[in-house]
Amino acid sequence: MNIILLGPPGAGKGTQARRLVAERGMVQLSTGDMLREARTSGTEMGKRVAAVMDSGALVTDEIVIGLIAEKLEGDTGGGIIFDGFPRTLAQADALSDLLGEKNTELATVIEMQVDDDALVARITARSTCADCGEVYNDNTKPIPADGKCSNCGSDKITRRADDNEDSLKTRLLAYYKQTSPLIGYYYAKGLLTDVDGLAEMDDVAAEIKKKLDTV
Ligand code: AMP
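Every chain is numbered independently, its residues counted from 1 as its sequence is written. Since the coordinates come from a predicted model, pLDDT governs what is reported: local features require at least 70, and pairs of side-chain atoms require 80 or more to be given and counted, while whole-chain, interface and lining totals use all residues. Side-chain measures here rest on the full set of heavy atoms in the structure, leaving out hydrogens and waters.

J.: How would you summarise helix 5 (residues 89-101) if you had to cite specific residues and measurements?
T.: Secondary structure counts use DSSP, requiring at least four H or I residues in a row for a helix and at least two E residues in a row for a strand, with both numbered from the N terminus. To estimate how far a helix should reach, multiply one less than its number of residues by 1.5 Å. The end-to-end C-alpha distance of helix 5 is 19 Å, a good match for the 18 Å that 13 residues give at a rise of 1.5 Å each. For the exposure calls, accessible area comes from a 1.4 Å probe over protein chains only, and a residue counts as buried if that area is under 20% of its type's maximum, exposed if over 50%, partly exposed in between. Where helix 5 is concerned, the buried positions are Gln 91, Ala 92, Ala 94, Leu 95, Leu 98 and Leu 99. Relative to the axis of helix 5, the buried residues are bounded by an arc of 165° and lie together on one face. Of the residues trailing helix 5, Asn 103 is marked for its positive phi of about 55°. Arc, as used here, means the arc of the directions from the helix axis to the C-beta atoms.

Below is the structure:
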């Protein structure tokens, strides 16, 4: 089963995707994670995307579609969770073509609904484990006293360069301008459903599970 988690930055897509990986053996494809990996690799592409990411704008469709196409060539086991992709209509069309070539399709698109004030509060207080993606929050889930990730033991818990108020404004604008049209796009295809992304993490997970069990 292939699904998309759709929602603005800070909606909890990555957190829920990791749970689905653990619980259902699905594969998480996060273009944000792929781009962060590319920027530390020192490649030409990595250098080009770093500045764009830090500003909060979107990286070109060509680059992210290329990254996804490459991953789709590998084993996609118990189904794919697209996390942070697609973010434009061109990416959505490309995804549909790529899945068609693999003789597979999307089962559902889950929109994670949250309001902007909550996003700003979440993102400006957020730290992330660079090794496993575990998310910490200064107010609700502080980094452990020994500085080590409670999930994987790594000591690489950092603030993302783009988790600041200036980049966030650009990221939200990009979401409303370029990504939110996908809500209508997938509604028209009969694939859209939604969950309350502001609920407790376990409740959001239970809601997603319910949706997946009925598709
Ligand atoms: P994320 O980790 O999903 O919040 O993504 C971090 C940043 O990576 C975004 O602000 C964009 O600059 C870039 N990015 C991630 N996914 C995409 C995508 N599908 N299309 C364009 N840019 C992306």
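Text resumes after the structure shown.
J.: How would you sum up the sheet that holds strand 6 (residues 135-137)? Please name residues and give values.
T.: One requirement defines pairing of two strands: DSSP has to find at least two bridges between them. Pairing is antiparallel across the open sheet formed by three strands, whose spatial order is 6-5-7. Taken across any chain shown, the strands that pair with only one partner, and hence form the sheet edges, are strand 6 and strand 7 (157-158). For strand 5 (residues 126-129) and strand 7, the ladder comprises two bridges, and the chain directions are antiparallel. What sits directly across from Thr 128, in strand 7, is Thr 158.

J.: Any details on helix 4 (residues 61-72)? Residues and values, ideally.
T.: With twelve residues, helix 4 extends 16 Å between its outermost C-alpha atoms, agreeing within 8% with the 16 Å of an ideal straight helix rising 1.5 Å per residue. Taken together, the buried positions of helix 4 are Ile 63, Val 64, Leu 67, Ile 68 and Leu 72.

J.: Talk me through unusual backbone geometry; I want residue IDs and the actual numbers.
T.: Excluding glycine, most residues fall at negative phi; most peptide bonds, likewise, are trans. Note the cis peptide between Phe 85 and Pro 86, where omega equals -5°. Looking at the element boundaries, Pro 86 is found in the loop between strand 3 (80-83) and helix 5. One non-glycine residue, Asn 103, lies in the positive phi region at around 55°. Among the structural elements, Asn 103 can be located in the loop between helix 5 and strand 4 (106-113).

J.: So what's going on with the site of the ligand? Residues and values would help.
T.: Residues in contact with the ligand amount to 16 residues; listed here are only the nearest, Thr 31, Arg 36, Ala 57, Gly 84 and Gln 91. Within the contact set of the ligand, a nitrogen atom lies 3.0 Å away from a backbone nitrogen or oxygen of Gly 84. Any pair of nitrogen or oxygen atoms within 3.5 Å is treated as a polar contact; in protein, a donor-acceptor pairing is required on top of that, and neighbouring residues in sequence qualify only through side-chain atoms on both sides. Between the ligand and Arg 160, the relevant distance is 3.0 Å, taken from an oxygen atom to a side-chain nitrogen or oxygen of the residue. Throughout, the Shrake-Rupley method with a 1.4 Å probe supplies accessible areas, and for residues the shown protein chains are the sole cover considered. When the ligand is considered free in solution it has 480 Å² of accessible area, and contact with the protein chains removes 96% of it. Here the element with the most residues in the shell around the ligand is helix 2 (residues 31-40); it accounts for four residues. Residue composition of the shell around the ligand, by class: seven nonpolar, four polar and five charged. Residues are classed as near a molecule or strand on a simple rule: at least one heavy atom within 4 Å of it. Asp, Glu, Lys and Arg are counted as charged, while Ala, Val, Leu, Ile, Met, Phe, Trp, Tyr, Cys and Pro are counted as nonpolar; the rest, among them Gly, fall into the polar class.

J.: A description of the environment of Gly 46 should follow, citing residues and the corresponding values.
T.: Residue placement: Gly 46 occurs in helix 3 (residues 44-55). Spatially, the C-alpha atoms of Gly 46 and Arg 36 are 8.1 Å apart, while their sequence positions differ by ten residues.

J.: So what about the nonpolar core? Which residues, and what values?
T.: Within the largest apolar cluster, 27 residues are counted, with the highest numbers of intra-cluster contacts made by Phe 82, Leu 106 and Tyr 186. Residue assignment for this core shows that the elements contributing at least two residues are strand 1 (2-6), helix 2, helix 3, helix 4, strand 3, helix 5, strand 4 and helix 8 (181-188). Among the elements that line this core, the one with the most residues is helix 4, at five residues. To form a nonpolar core, buried Ala, Val, Leu, Ile, Met, Phe, Trp, Tyr and Cys residues must be joined to one another through side-chain atoms within 4.5 Å. With 18 residues, the next largest nonpolar core counts Ala 11, Ile 81, Leu 119 and Val 204 among its residues.

J.: Any details on the pattern of salt bridges? Residues and values, ideally.
T.: A pairing counts as a salt bridge when a side-chain nitrogen of Lys or Arg comes within 4 Å of a carboxyl oxygen of Asp or Glu. Tallied over the entire structure, the rule returns 15 salt bridges. Across the salt bridge formed by Lys 47 and Glu 44, the nearest N and O atoms sit 3.8 Å from each other. Placement of the pair is Lys 47 and Glu 44 together in helix 3, with a separation of three residues, close to one helical turn. Residue Lys 47 shares its accessibility class with Glu 44, and that shared class is exposed. In this structure, Asp 163 engages Arg 171 in a salt bridge whose closest nitrogen and oxygen atoms are separated by 3.1 Å.

J.: How would you explain the packing of aromatic side chains if you had to name every residue and give the values?
T.: Aromatic rings from Phe, Tyr and Trp, with only the six-membered ring used for Trp, were paired whenever their centres fell within 6.5 Å, and each pair was classed as stacked if the ring planes differed by under 30 degrees, edge-to-face if by over 60, and tilted otherwise. Going through the model one piece at a time under the given rule, you end up with three aromatic pairs. Taking 6.3 Å as the distance between ring centres and 45° as the angle between the ring planes, the aromatic pair formed by Phe 82 and Phe 85 counts as tilted. A relative accessible area of 0% means that Phe 82 is categorised as buried. With relative accessibility at 1%, the residue Phe 85 sits in the buried group.

Keep in mind these values describe shape, not function.
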